[in-house]
Amino acid sequence: MPHLRAADALALAHAQGRVTALDRAWQLEVERHRAQGSSASFLGAECVAWDRFARQSRIDDTARRCYEALDPATAAWVRAYVDGVNAGLGAGAARDERFARTGLTPAPWEPWVPLAVWTATHILFAGFATKLWRDRVARALGEDAVTLFATDGPGTAGSNGWLVPGDRTATGAAIIAGDPHRFIEDPGVYQQIRLSCPEYDVLGLAVPGVPGLAHFGHTGSAAWAITNAMADYQDLYTEELRGEGPGLEALGPDGVWEAVARHTETITVAGGEGAPGSTVEVEVLETARGPVIVNEGGRTLSLRYPPRVREDLGFAALPALLRARTVADIDRAFDGWAEPVNVVHAADSEGGLLHRVAGAVPLRDSANRLRPVPAWDRGHDWQGWAETPAEPVQGFAVMANARGIASPLGVEFAPPHRANRIRELLSGSADWSPKAMADVHADTHLASAEPLLALLPALDGLSPAAADLRARLLAWDRRMAADSTDATVFSAFRTATVRALAGDPVFADLAGAPTGPEVFHPWLYLVPRIGYALEGLLTTSLLPGLDRAAHVRAALEQTAAAGAPEAPWSQVHRLAPWSALPDPEAEWPGLGGDHDCVNATSSVPGFTDLTARASAARYVWDLARREDSLWAVPLGADGVPGAPHHRDQLPLWARCELVPVVTDWTHLTKESA
């Protein structure tokens, strides 16, 4: 793990950029190209859909505008990081054979690339594509059904976090713990790092390509952590266009036709197996609402998102967090936070506690939050910015993407199961220590199984095999433990139920293949939507014609007839991380947990038992003694395949074990310059 010391904050930012490039040059260049919409130039045609979206949504241009609007001190700090990246890229690329394999040559970073990486990473966090799904549902099932599939379930991302005040810990000082749930990538999306200079000495989890420690950090006397607030802060507008070429116009409020910015960009596409490449032309349009991201099939939609409107990503908060010594300092830093919208926990060694929301959420009509709205209706304009809620910490504070402090700012949230389970576990002791927190991280109780299992006792006329299976499921302890065969059986039954429901005629108009830009298709498939919304669909009154009992009976009989799978859950519930160049020979561990467990290793019910989304890091910040803090990431510190520290934490992470934070410089071993 990198531990960096420098003479001042700018030299330290340079060192952070340089060491990140030495360890993760491939990852940095993949992220830069994704942000600029040029991934296909070395990864091939499968990246064209994303590249088209990146260009049409103006990610790189938005980042440039936000960088140019930074205050001089923050801009200089970001530039120092970029200078460090550029100083290390060449040597970092020489360590990684993927550059030669793809023909990719590192290019110097522009000063705004960290802001582009940040924007590209988070532009889909608020799930505006869900508005496309809700619109499709309303058209198929009627306006009353627009939120029928409101999962209050897994979104594009989530996290657990909990803050235990000093009166409930063994030391008398607060503990902050949790884990961000993201798609697991190789290399990992979080980098364990320590940043030390005369002004501060901070350790935490950095986003590679971005300076500082935006999400999780410990300064010695104060610490902070975040989860996704599940706020809704991006809007889709239905646009009406007329004209051609430079005369293209969009209908704005009050019947006024407004000019549309228009230009064409070219995506270069690498050929496969030595074949020559090709090019794809992309038309980039922008109305007064924002960039046009859908313009096909007779439909035109623009995206309005805060960073493009405000020219602000909140990057000034990043160096302020590094300088924080108290909760008050952290609170002031997060006053300037913009993107994405998060729930924050913070504590300090003097007993200060913080539980608040941070980020930019526009004030506008409630209809904007549900589905695309007409661009020509002034009633859907943005009207300023919402106040971000805060509340005192009483007993302990839990954040797990459920309804709570951020409720006024969102539409769909996670079910309460993870949050309730964490509260239940924390209530079991008033003597918490950092090491004991590992048991909370590892909990596999699946409360969301209950609504489905509750339908089983009333089923009659079952075959003997199905009756035996019912008895087994009802006797199950509801734990998705790695060694549990009952968990595997439940998942098979749940999969059969989801697929049976998806085949019901009531959903016929939603069952077809998605249309529109390919990048939004993951939000538009029926089976995953039913899988994540299963609890609500089993109890809603909005579908009186849906014979749930018949589908559950059929699923039970089908599972029994197929023979209940006797494999342990970890044998089928295996990690399947994303990689820009997947290694077909890679072997990934089996895991316990599931998407509604505290150990949130998310499968896609009805589609796959593999997990691509899980804890991208785990942390425990001790405010009594920072050196008693703990952490772990899924892979390791080094992003180069085959390097000793590329996957050295993977076995520990798979078992929900954490490793100690090391702060004594004399206990560190220097492995590379």
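This write-up is about the structure you can find in this document. (Residues numbered from 1 in each chain as written. Predicted model: local features only at pLDDT ≥ 70, side-chain atom pairs only at ≥ 80, totals over all residues. Heavy atoms only, no water.)

## Thoughts on the sheet that holds strand S6 (residues 216–218)
Then, in step 1: Overall, mixed pairing links the 7 strands, which are arranged S1-S4-S5-S6-S7-S16-S17 in an open sheet. Each having just a single partner strand, strand S1 (3–5) and strand S17 (353–358) make up the two edges of the open sheet. Each neighbouring strand pair of the sheet contributes to a mean axis angle of 20 degrees, computed without reference to strand direction.
Then, in step 2: One ladder, built from 2 bridges, connects S6 with strand S7 (residues 222–228); its direction is antiparallel. Residue pairing across strands places His218 opposite Ala223, the latter belonging to S7. (Pairing = 2+ DSSP bridges. Helix = DSSP H or I, 4+ residues; strand = E, 2+ residues; numbered from the N terminus. Axes fitted to C-alpha atoms, helices over the stretch in contact; angles between N-to-C directions.)

## Notes on helix H5 (residues 72–94)
Then, in step 1: Over its 23 residues, H5 extends 34 Å from the first C-alpha to the last, a length consistent with the 33 Å expected when each residue adds 1.5 Å.
Then, in step 2: The largest bend along H5 measures about 40 degrees and falls at Gly88. (Expected span 1.5 Å × (residues − 1). Bend = angle between axes of the 7 residues up to and from the residue.)

## Points about unusual backbone geometry
Then, in step 1: With an omega dihedral of 5 degrees, the bond running from Asp186 to Pro187 counts as a cis peptide bond.
Then, in step 2: Relative to the elements of secondary structure, Pro187 occurs in the loop between strand S3 (175–183) and strand S4 (191–197).
Then, in step 3: Here the amide bond leading from Glu339 into Pro340 is cis, since omega sits at -10 degrees, within 30 degrees of zero.
Then, in step 4: Structurally, Pro340 can be placed in the loop between helix H11 (327–335) and strand S16 (342–348).
Then, in step 5: Of note, Arg58 is a non-glycine position whose phi angle comes to about 65 degrees, a positive value.
Then, in step 6: Assignment of secondary structure puts Arg58 in the loop between helix H3 (48–56) and helix H4 (59–68).
Then, in step 7: Residue classification places Arg58 among the buried positions, given a relative accessible area of 15%. (Buried < 20%, exposed > 50% of the residue type's maximum accessible area, 1.4 Å probe, protein only.)

## A few points about the nonpolar core
Then, in step 1: In this structure, Phe149, Phe490 and Phe507 are the most contacted members of the largest nonpolar core, which totals 183 residues.
Then, in step 2: Here this core takes 10 residues from helix H1 (residues 9–36), the largest share from any one element.
Then, in step 3: Contacts of Phe507, omitting those with residues within four sequence positions, involve Leu141, Leu148, Phe149, Leu501, Ala502, Leu526, Ile530, Leu537, Leu543 and Leu546. (Core = buried A, V, L, I, M, F, W, Y, C linked by side-chain atoms within 4.5 Å. Contact = heavy atoms within 4.5 Å.)

## Notes on the pattern of salt bridges
Then, in step 1: Taken as a whole and assessed by the stated rule, the structure comprises 46 salt bridges.
Then, in step 2: Here Arg308 makes a salt bridge to Asp61, at a shortest N to O gap of 2.9 Å. Residue Arg308 is found in helix H9 (residues 306–310), and its partner Asp61 is found in helix H4; the two are separated by 247 residues along the sequence.
Then, in step 3: With a relative accessible area of 7%, Arg308 lands in the buried category.
Then, in step 4: Linking Asp443 and Arg479 is a salt bridge whose minimum nitrogen-to-oxygen distance equals 3.5 Å. With Asp443 in the loop between helix H13 (437–441) and helix H14 (450–453) and Arg479 in the loop between helix H15 (464–475) and helix H16 (485–502), this residue pair connects regions lying 36 residues apart in the sequence.
Then, in step 5: The buried category is assigned to Asp443, whose relative accessible area is 7%.
Then, in step 6: Given a relative accessible area of 31%, Arg479 falls into the partly exposed group.
Then, in step 7: One continuous salt-bridge network, built from bridges that share partners, spans Arg58, Asp61, Arg64, Arg65, Glu68, Glu286 and Arg308. (Salt bridge = Lys/Arg side-chain N within 4 Å of Asp/Glu carboxyl O.)

## So, the sheet that holds strand S18 (residues 373–374)
Then, in step 1: Strand order in the open sheet formed by 4 strands is S14-S15-S8-S18, and the pairing between neighbours is mixed. Of all strands in the sheet, those bounded by a partner on one side alone are strand S14 (292–296) and S18.
Then, in step 2: Here S14 pairs with strand S15 (residues 299–304) via 4 bridges, running antiparallel. Counterpart to Val292 in the pairing with S15 is Ser302.
Then, in step 3: Relative to the sheet, helix H8 (residues 130–141) contacts strand S8 (235–238) and S15, its axis offset from that of S15 by approximately 140 degrees.

## Quick notes on the packing of aromatic side chains
Any aromatic ring pair is given by two values, namely how distant the centres are and how the planes are angled relative to each other.
Then, in step 1: For the coordinates displayed, the defined rule picks out 17 aromatic pairs.
Then, in step 2: These aromatic residues form a ring-pair network of at least three members: Tyr190, Phe216, Tyr619, Trp621 and Trp631.
Then, in step 3: Over the face of the ring belonging to Trp665 we find Arg5, whose NZ or CZ atom lies 4.0 Å from the ring centre.
Then, in step 4: Against the face of Trp50 rests Arg34, its NZ or CZ located 4.2 Å from the ring centre. (Phe/Tyr/Trp six-rings, centres within 6.5 Å; stacked < 30°, edge-to-face > 60°. Lys NZ or Arg CZ within 6 Å of the ring centre and 35° of its normal.)

## Section: the environment of Glu97
Then, in step 1: Inspection of the secondary structure assignment puts Glu97 in helix H6 (residues 97–102).
Then, in step 2: Through-space distance from the C-alpha of Glu97 to that of Ala63 is 30 Å; in sequence the pair is 34 residues apart.

## Details of the packing of H1 against H3
Then, in step 1: One can describe the packing of H1 onto H3 by two numbers: an axis separation of 7 Å at closest approach and a directional angle of 60 degrees. Classified by the interaxial angle, the pair formed by H1 and H3 is oblique. When H1 is examined against H3, the residues His33, Arg34, Ala35 and Gln36 are found in contact with a partner set consisting of Trp50, Asp51, Ala54 and Arg55.
Then, in step 2: Among the residues forming the contact of H1 with H3, the class breakdown is 3 nonpolar, 2 polar and 3 charged. (Parallel < 35°, antiparallel > 145°, perpendicular 65-115°, else oblique. Nonpolar A, V, L, I, M, F, W, Y, C, P; charged D, E, K, R; others polar.)

Function cannot be read off these values alone, since they describe shape.
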